Amino acid sequence: TFSPQVDYIAQVLETHFGFAQEIIIRGRDRSWQYEGNGMMEGKQPFMASAAEELYHKFPDLSIMKKTTLLVDDDPSNIKLALKDGVRGILFNPKKSSRLLDDILKMP
């Protein structure tokens, strides 16, 4: 997220799902950095940094751009993800109940 309210987001996830401590959250809170050679635009460095943390926790895990999905409400971020080889789906907050169906319809 571009939001700096990472702690608040974690609280919301914990309240609704009960496992926020398992989710790597990246926001504009300056708690992380990405120094890799991937795309530095849009959400790409956020996703790459989270992938790096997952690699450190689970060395046998295979995370690739083609197995990653960005769900975002900003078409610019989706376009950048697709340009970078990451799958993306535009989230419409007014039709949030359709998200899972939209994801399942993806090739």
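Refer to the structure presented above.
Bear in mind the structure is a predicted one, so any value in this text is a computation, not a measurement. (Residues numbered from 1 in each chain as written. Predicted model: local features only at pLDDT ≥ 70, side-chain atom pairs only at ≥ 80, totals over all residues. Heavy atoms only, no water.)

1. Brief notes about helix 3 (residues 75-83)
Residue pairs spaced three or four apart in an α-helix point in one direction, given the helix's 3.6 residues per turn.
Alright, step 1. Buried residues of helix 3: N77, I78, L80 and A81, and no others. End-on, the buried residues of helix 3 take up no more than an arc of 165 degrees, which puts them together on one face. Seen from the open side of helix 3, the exposed residues pointing more than 90 degrees away from its buried face are K79 and K83.
Alright, step 2. Next to the buried residues of helix 3 lie helix 2 (44-57), strand 1 (69-72) and strand 2 (87-90).
Alright, step 3. One or two positions beyond helix 3, positive phi appears at G85, with a value near 90 degrees. (Buried < 20%, exposed > 50% of the residue type's maximum accessible area, 1.4 Å probe, protein only. Helix = DSSP H or I, 4+ residues; strand = E, 2+ residues; numbered from the N terminus. Arc of directions from axis to C-beta. Contact = heavy atoms within 4.5 Å.)

2. Considerations on the environment of N77
Alright, step 1. By the element assignment, N77 lies in helix 3.
Alright, step 2. According to the relative accessible area criterion, N77 is buried, its value standing at 4%.
Alright, step 3. Once the C-alpha coordinates of N77 and S31 are considered, the two residues, 46 residues apart in sequence, prove to be 21 Å apart.
Alright, step 4. Each residue touching N77, except ones within four places of it in the same chain, is listed here: F2, G42, K43, L70 and D72.

3. Here's the deal with the pattern of salt bridges
Alright, step 1. Counted according to the given criterion, the structure contains five salt bridges.
Alright, step 2. In this structure, the salt-bridge partner of K43 is D72, at a minimum N-O distance of 2.6 Å. Taken together, the residues K43 in the loop between helix 1 (6-17) and helix 2 and D72 in strand 1 connect sequence positions 29 residues apart. Of the two residues, K43 and D72, both sit in the buried class.
Alright, step 3. A salt bridge links D102 to R98, with the nearest nitrogen and oxygen atoms 3.8 Å apart. (Salt bridge = Lys/Arg side-chain N within 4 Å of Asp/Glu carboxyl O.)

4. Description of helix 2
Alright, step 1. With 14 residues, helix 2 extends 20 Å between its outermost C-alpha atoms, agreeing within 8% with the 20 Å of an ideal straight helix rising 1.5 Å per residue.
Alright, step 2. Packed against the buried residues of helix 2 are strand 1 and helix 3. (Expected span 1.5 Å × (residues − 1).)

5. Describing the pairing of strand 2
Alright, step 1. Across four bridges, strand 1 lies against strand 2 in parallel orientation. Looking across to strand 2, one finds that L70 is bridged to G88.
Alright, step 2. Handedness of the crossover joining strand 1 and strand 2 through helix 3 is recorded here as right-handed. (Pairing = 2+ DSSP bridges. Right-handed = clockwise from strand over helix to strand, strands pointing away.)

6. A short note on the nonpolar core
Alright, step 1. Of all hydrophobic cores here, the largest spans five residues; its members are M47, L70, I78, A81 and V86.
Alright, step 2. Sequence-distant contacts of L70, that is, excluding residues within four places in its chain, are made with K43, Q44, M47, N77, I78, A81, V86, R87, G88 and I89. (Core = buried A, V, L, I, M, F, W, Y, C linked by side-chain atoms within 4.5 Å.)

7. As for the packing of aromatic side chains
Alright, step 1. Evaluation of the coordinates by the stated rule reveals three aromatic pairs.
Alright, step 2. Their ring planes at 70 degrees and their centres at 5.3 Å tell us that F2 and F46 sit as a pair that is edge-to-face. On the criterion of sequence distance, the pair formed by F2 in the segment before helix 1 and F46 in helix 2 is long-range, its members being 44 residues apart.
Alright, step 3. Within the aromatic cluster, the residues linked to one another by ring pairs are F2, W32 and F46.
Alright, step 4. Here the basic side chain of R28 rests over the ring of F2, its NZ or CZ set 4.2 Å away from the ring centre.
Alright, step 5. Just above the ring of F2 sits the side chain of K43; from NZ or CZ to the centre is 4.7 Å. (Phe/Tyr/Trp six-rings, centres within 6.5 Å; stacked < 30°, edge-to-face > 60°. Lys NZ or Arg CZ within 6 Å of the ring centre and 35° of its normal.)

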